[in-house]
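This is what each chain is made of:
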Amino acid sequence: MNRRETFLLAGSSLVALPAIAQETPRRGGVMTVHFATEQRILNPSLQASTGVYIVGGKIQEALVDLDAAGNPTPVLAESWESSPDGKTITFKLRAGVTWHDGKPFTSADVAFTAMEMWKKILNYGTTLQLYLTAVDTPDPLTAVFRYERPMPLGLLLRALPDLGYISPKHIYETGDIRQNPANTAPIGTGPFRFVQYERGQFIIAERNPNYWRPNLPYLDRVVWRVVGDRAAAAAQMEAGQILFSPYSALAISDLQRLGRDPRFEVTTRGNEGNARTNTLEFNFRNPILADIRVRQALAHALNIPFFIENFLGPFAKPGTGPIPSVSTDYYPAGMPQYPFDAARANRLLDEAGHRRGAGGARFSLRLHPAPWGEDISLFATFIQQSLSQVGVRVEIVRLDAAGWLRTIYNDHNFDLASGWHQYRSDPAVSTTVWYRSGSPVGAPWTNQWGWSDPTIDQIIDNAATELDVGRRRALYADFVRRAQTELPLWMPIEQIFVSVFNRRLRNVGNNPRWASSSWHDTWLAS
Amino acid sequence: MRRALAAYARNPAALLGAVLVLMVLGMGLAAPLLFPQDPLGLAGRPLQWPGANPRFPLGTDPSGRDIMAQLFHGARVSLLIGFVATLVASAIGIAIGAVAGFYGGWVDTLLMRVTEAFQTLPNFLLLLVLVAVFGSHINTVTIAIGLVSWPPVARLTRAEFLTLRTREFVSAARVQGLGDIHLMLREVLPNALPPVIVYASVVMAVAILLESALAFLQLSDPNVPSWGNLIGLGRNVLRVEWYVSAIPGVAILLTILGVSLMGQGLNDALNPRITGK
């Protein structure tokens, strides 16, 4: 019942928005932001991750961003066009933009970032730009991207808000890019410029007085406070020491409590572009799990609607496959599903030859939950409890972040794993890599299951270079059908990140990736 | 011995300690009878307050498990960890302390430098390292706790051996031609043991606390229903559903209190200078 109320509150704030928009923006003020997990680098041209965008996305800018309706809108690129064969995409760049150190922004920066960072280092970028052969710079304000195979313009424009951040060539052209001091003291063109990073405590950025959007930003400063403990972060929200907590970083029970408090807005608004699904990953190197009947049985043994209703509340819903329902362009309906059916699970396990032994147990599996997200931990416990009902003993193994990534994606030393898959506007950005074979060993959030399927590889490759939107949609429906039939991993829960705003903040959540976006028009009411 | 028992029985604090420890022991023994279901299984809706649902007198935790069942089964886990870790720590500590104290000289110097090296490391940090390297299975955790807790036992044993090895009865046995092993185990050790036994109660209390601290950081074995795990789970919901952490917290408090009072009582009962008067 409490959860319903939270949901209604979140909905009613949408209705209240137009009234707020009529106010005159006030200049000045410091926006304090909850920074839950520290990062090794803050440059979003080098690492695609919400933990990087939350800071680096205010300091550096991408070629394009998303507008309120979720369509690409110009930032550092003013316009773009694709050749009919889809192999040449030309960007006209914005004139009069300068880096925070005073040097002018030119097409050379774009060419350098694309070839040296996106294509070689940036996670997901290396896959997206696999067939990029060169970036020509006929003049300082024109960048021509040349591809070996057709690049759908729609895919590129939807990927670029996350995978299209530009870094200054003059800072990065000498020395090892990964060791550059600017990685933790970024230099960009954005509305805020970097001031200080005190590890374990705070990051400060201040207003860029030479920002290319006239008279913006409104805020004087943005301060990110490093707070790892959820309960402490909630207390700081209530004390007004933090004005914004992004990406579901507070405890679920605190989200519900703050949602009932008129000082705060608890909402998924502004995170529509950051849908995530909870995963159940199977290791095919274990012969038990290589049997499709066992994977199907494990899926049938989990009562997902029950788990969502009792544990996650209104911000989650049952997932139907790797492409979540927020993807209006590519979400396919009517795909194979695995509803809760314990009898069927038992039958499938019997058929697979795993009869119940002493004490009703069939076999044991280790489950490695990712160490981020309260929901992952709860889901792991729920999997353990549910599978014991069908005679599968589950031993939960907890590791720290580095250990978990190494164990799953490098050492492949697991039976089951559970974490998050993030969907970023287009299936080719960060979704199909979970299924396509051939990712290098150790690449996190890619197909490391010991499963290789030529059929799905073919579908994925065709879809990534298909220019016709209708045919791409059909190919992604084939992709989801194949993924749900073979079930190399299962994505049974769909969630949108939850933001908590202090209501003094204005112009927040006004685009689908707001927490990652530049906050140039955000202001603070007195 | 009888005099020591009588002295113990006259001490009300020591009796309270014994009652508390017996209560926890009773909970552990009764757990499989009262709660035959898996205490980690899904029992009902998560986060029901104590008393809100007659099926769950102490409520349910964030994973929908019965807190009462976990409390009873957790008593077994906590006591087991306490006993085994204390055994490990005492075995290592007594062995090293006995050899160092009995032989003296360079053996003593060497063993005591090693002991001091361990003592200078904060034992919780050492425990974190051991668990990070060897994993968080409950057996590993228990042995790791024993491994970080032995240095004080070693020093105490050494001190006792140092004073006892020059006594007349030891010299008499030596003159009779008895070997070192016999002297250490049959002559010195029985006389050195009382203070070590008393100290073992401290080790046990600390062992239970160490496991809880590990579990609070979610680094203990999540597959056993330990009290520390329950506290760790409750940390996220501390502001509203504080009872999830508070109930096992009180259980740990009472257990540690019981063990400590018992240790104190033993100390008073076994110390001839107090009991004699």
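Residues numbered from 1 in each chain as written. Chains lettered and ligands numbered in written order. Predicted model: local features only at pLDDT ≥ 70, side-chain atom pairs only at ≥ 80, totals over all residues. Heavy atoms only, no water.

Peer 1: How would you explain the pairing of strand 8 (residues 192-198) of chain A if you had to name every residue and give the values?
Peer 2: Residue and element names in this part refer to chain A. Of the strand pairs in this sheet, strand 8 and strand 9 (residues 202-207) are connected by 6 bridges, and their pairing is antiparallel. Its bridge partner lying in strand 9, Phe 192 is registered against Arg 207. The hairpin turn running from strand 8 into strand 9, its antiparallel successor, is 3 residues long, and Gly 200 in that turn takes a positive phi close to 85°. (Pairing = 2+ DSSP bridges. Helix = DSSP H or I, 4+ residues; strand = E, 2+ residues; numbered from the N terminus.)

Peer 1: Help me get a handle on the interface of chain B and chain A, residues and values and all.
Peer 2: Contacts between the two partners involve 20 residues from chain B and, on the opposite side, 23 residues from chain A. Regarding the contact of chain B and chain A, the summed buried area is about 1,900 Å², with carbon and sulfur atoms giving 49% of it. The largest share of the area that chain B buries against chain A comes from Asn223(B), Asn236(B) and Arg239(B), three residues that together contribute 31% of it. Viewed at the interface, chain A and chain B are joined by 2 salt bridges. Asp229(A) is paired through a salt bridge with Arg235(B); the nearest N and O atoms lie 3.9 Å apart. (Contact = heavy atoms within 4.5 Å. Buried area = accessible area lost by both parts, 1.4 Å probe. Salt bridge = Lys/Arg side-chain N within 4 Å of Asp/Glu carboxyl O.)

Peer 1: So what about helix 16 (residues 454-464) of chain A? Which residues, and what values?
Peer 2: Of the residues making up helix 16 of chain A, those classed as buried are Ile456(A), Asp457(A), Ile459(A), Ile460(A) and Ala463(A). Down the axis of helix 16 of chain A, the smallest arc covering the buried residues is 165°, so these residues share one side. (Buried < 20%, exposed > 50% of the residue type's maximum accessible area, 1.4 Å probe, protein only. Arc of directions from axis to C-beta.)

Peer 1: I'd like a description of the environment of Gly96(A), backed by residues and values.
Peer 2: Among the secondary structure elements, Gly96(A) is positioned in the loop between strand 5 (88-93) and helix 3 (107-118). Taking C-alpha positions, Gly96(A) is 9.4 Å from Thr106(A), a pair spaced 10 residues apart along the chain.

Peer 1: Outline the domain arrangement of chain A, supporting the account with residue identities and numerical values.
Peer 2: All names here are of chain A. Its domain assignment divides chain A into domain 1 (2-38 + 199-272 + 498-524), domain 2 (64-172) and domain 3 (275-496). Placing a centre on the C-alpha atoms of domain 1 and another on those of domain 3 gives a separation of 32 Å. With 13 residues of domain 1 at the contact, the number on the domain 3 side is 14 residues. Note on domain 1 versus domain 3: buried area summed over both sides is about 1,100 Å², and carbon and sulfur give 62% of it. Where domain 1 touches domain 3, the interface holds 1 residue pair in polar contact (both at pLDDT 80 or more). (Domains from an automatic or database assignment. Polar contact = N/O pair within 3.5 Å; in protein donor to acceptor, adjacent residues only side chain to side chain.)

Peer 1: Before we move on, can you summarise the packing of aromatic side chains with the specific residues and values?
Peer 2: Residues and elements named next belong to chain A. Within this structure, the stated rule accounts for 32 aromatic pairs over all chains. Between the aromatic rings of Phe 307 and Phe 382, the centroid separation amounts to 4.9 Å while the plane-to-plane angle is 35°, which identifies the pairing as tilted. Separated by 75 residues along the polypeptide, Phe 307 in helix 11 (residues 304-312) and Phe 382 in helix 13 (residues 374-389) bring together distant segments of the chain. Arranged with centres 6.5 Å apart and planes meeting at 90°, the rings of Tyr 338 and Trp 490 form a pair that is edge-to-face. (Phe/Tyr/Trp six-rings, centres within 6.5 Å; stacked < 30°, edge-to-face > 60°.)

Peer 1: How would you summarise the sheet that holds strand 6 (residues 132-139) of chain A if you had to cite specific residues and measurements?
Peer 2: Residue and element names in this part refer to chain A. Strand order in the open sheet formed by 4 strands is 4-5-7-6, and the pairing between neighbours is antiparallel. Here the strands that pair on one side only, and so sit at the sheet edges, are strand 4 (77-82) and strand 6. Mean inter-strand twist for the sheet, computed between neighbouring axes without regard to direction, equals 20°. Judged from the 5 bridges that link them, strand 4 and strand 5 form a sheet pairing that is antiparallel. Residue pairing across strands places Glu 81 opposite Thr 90, the latter belonging to strand 5. Sheet strands in contact with helix 3 are strand 5, strand 6 and strand 7 (142-147), and its direction is about 170° off that of strand 6. (Axes fitted to C-alpha atoms, helices over the stretch in contact; angles between N-to-C directions.)

Peer 1: Can you explain the side chain of Glu265(A)? Please cite residues and give values.
Peer 2: Residues and elements named next belong to chain A. Within the secondary structure, Glu 265 is located in strand 12 (residues 264-267). Overall, Glu 265 belongs to the buried group, its relative accessible area being 7%. At 2.7 Å, the side chain of Glu 265 and the side chain of Arg 269 are in polar contact.

Peer 1: Describe the confidence of the model for chain A, and please don't skip the residues or the numbers.
Peer 2: Residues of chain A with pLDDT of at least 70 account for 96%, and the chain-wide mean is 91. Per-residue pLDDT stays below 50 along residues 1-20 of chain A; that stretch engages in 22 contacts with residues further than four places along the chain or on separate chains. (pLDDT = per-residue confidence, 0-100.)

Peer 1: Tell me about the packing of helix 2 (residues 12-34) of chain B against helix 11 (residues 243-270) of chain B, and please be specific about residues and values.
Peer 2: Residues and elements named next belong to chain B. Put simply, helix 2 and helix 11 touch, their axes get as near as 7 Å, and they point 135° apart. Between helix 2 and helix 11, the interaxial angle falls into the category oblique. The element helix 2 and its partner helix 11 pack so that their crossing is left-handed. Residues Ala 13, Ala 14, Leu 16, Gly 17, Ala 18, Leu 20, Val 21 and Val 24 of helix 2 form the contact with helix 11, whose own contacting residues are Leu 254, Thr 255, Leu 257, Gly 258, Val 259, Leu 261, Met 262 and Gly 265. Residues belonging to the contact of helix 2 with helix 11 are distributed by class as follows: 12 nonpolar, 4 polar and no charged. (Parallel < 35°, antiparallel > 145°, perpendicular 65-115°, else oblique. Left-handed = near helix turned anticlockwise from the far one by under 90°. Nonpolar A, V, L, I, M, F, W, Y, C, P; charged D, E, K, R; others polar.)

Peer 1: Now, about a nonpolar patch on the surface: what can you tell me, with residues and values included?
Peer 2: Residue and element names in this part refer to chain B. On the surface, Leu 22, Leu 25, Leu 29, Leu 80, Phe 83 and Val 84 cluster together into a nonpolar patch covering about 580 Å² of accessible area. Elements supplying a minimum of two residues to the nonpolar patch: helix 2 and helix 3 (67-103). When you line up the elements, Leu 22 lands in helix 2. Among the residues examined, Leu 22 registers a relative accessible area of 57% and is labelled exposed. (Patch = residues over 30% accessible without salt bridge, like charges linked within 9 Å, V, L, I, M, F, W, Y side chains within 5 Å. Areas by Shrake-Rupley, 256 points an atom, 1.4 Å probe, with all protein chains shown as cover.)

Peer 1: Tell me about helix 7 (residues 230-238) of chain A, residues and numbers included.
Peer 2: Residue and element names in this part refer to chain A. Counting buried positions along helix 7 gives 7 out of 9 residues, so the element sits mostly inside the fold. Along helix 7, the residues classified as buried are Arg 230, Ala 231, Ala 233, Ala 234, Gln 236, Met 237 and Glu 238. Sitting at the head of helix 7, Asp 229 places a side-chain oxygen 3.1 Å from the backbone nitrogen of Ala 231. One or two steps after helix 7, the chain reaches Gly 240, where phi turns positive at roughly 80°.

Peer 1: Describe the pattern of salt bridges, listing the residues and the values that go with them.
Peer 2: All names here are of chain A. All told, the structure shown has 34 salt bridges over all chains when counted by the stated rule. Linking Asp 453 and Arg 482 is a salt bridge whose minimum nitrogen-to-oxygen distance equals 2.9 Å. In this pair, Asp 453 is assigned in the loop between helix 15 (427-430) and helix 16 and Arg 482 in helix 17 (residues 469-486), connecting sequence segments 29 residues apart. Residues participating in the shared-partner salt-bridge network are Asp 65, Asp 162, Arg 424 and Arg 513.

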